[in-house]
Amino acid sequence: MNTDLSMQMLQMNSMKLQNSVQIAVFKKAHEMQTDLLESLMQTALSAPPPGQGARVDKLA
């Protein structure tokens, strides 16, 4: 009977650890995606370098 209880406790602790690891991985992936999106938006919204976009190339 004690063995069953200890096995259940061990299983519960391992499930708790697995869930916390999954949450940490999900949070880190979300943080990395947010950082990537922010950097892409900064690049997209920034002004073009001097001399670029001054004329329209109608031959293209």
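Remember, it's a predicted structure, so these values are computed and weren't measured experimentally.

Focus on the overall build of the chain
Piece 1. A tally of helices and strands in the chain yields one helix and zero strands.
Piece 2. Taking 60 residues into account, the globule formula puts the C-alpha radius of gyration at 10 Å, and the chain, at 26 Å, lies well above it.
Piece 3. Across the 60 residues in the chain, those meeting the buried criterion constitute 0%.
Piece 4. In the form shown here, the chain has an accessible surface area of approximately 6,200 Å², with 64% of it arising from carbon and sulfur atoms.
Piece 5. Positive and negative charge centroids in the chain, built from 5 and 5 side chains respectively, lie 8 Å apart.

With respect to the pattern of salt bridges
Piece 1. All chains considered together, the criterion is met by one salt bridge.
Piece 2. For Lys28, the salt bridge identified is with Glu31, shortest N-O distance 3.6 Å. Of this pair, Lys28 and Glu31 are both found in helix α1 (residues 2-45), three residues apart, which corresponds to roughly one turn of the helix.
Piece 3. Its relative accessible area of 44% is what places Lys28 among the partly exposed residues.
Piece 4. Residue classification places Glu31 among the partly exposed positions, given a relative accessible area of 41%.

Cut-offs and rules
Residues numbered from 1 in each chain as written. Predicted model: local features only at pLDDT ≥ 70, side-chain atom pairs only at ≥ 80, totals over all residues. Heavy atoms only, no water. Helix = DSSP H or I, 4+ residues; strand = E, 2+ residues; numbered from the N terminus. Rg over C-alpha atoms; globule rule 2.2 N^0.38 Å. Buried < 20%, exposed > 50% of the residue type's maximum accessible area, 1.4 Å probe, protein only. Areas by Shrake-Rupley, 256 points an atom, 1.4 Å probe, with all protein chains shown as cover. Lys, Arg positive; Asp, Glu negative; His and termini not counted. Charge placed at Lys NZ, Arg CZ, Asp CG, Glu CD. Salt bridge = Lys/Arg side-chain N within 4 Å of Asp/Glu carboxyl O.

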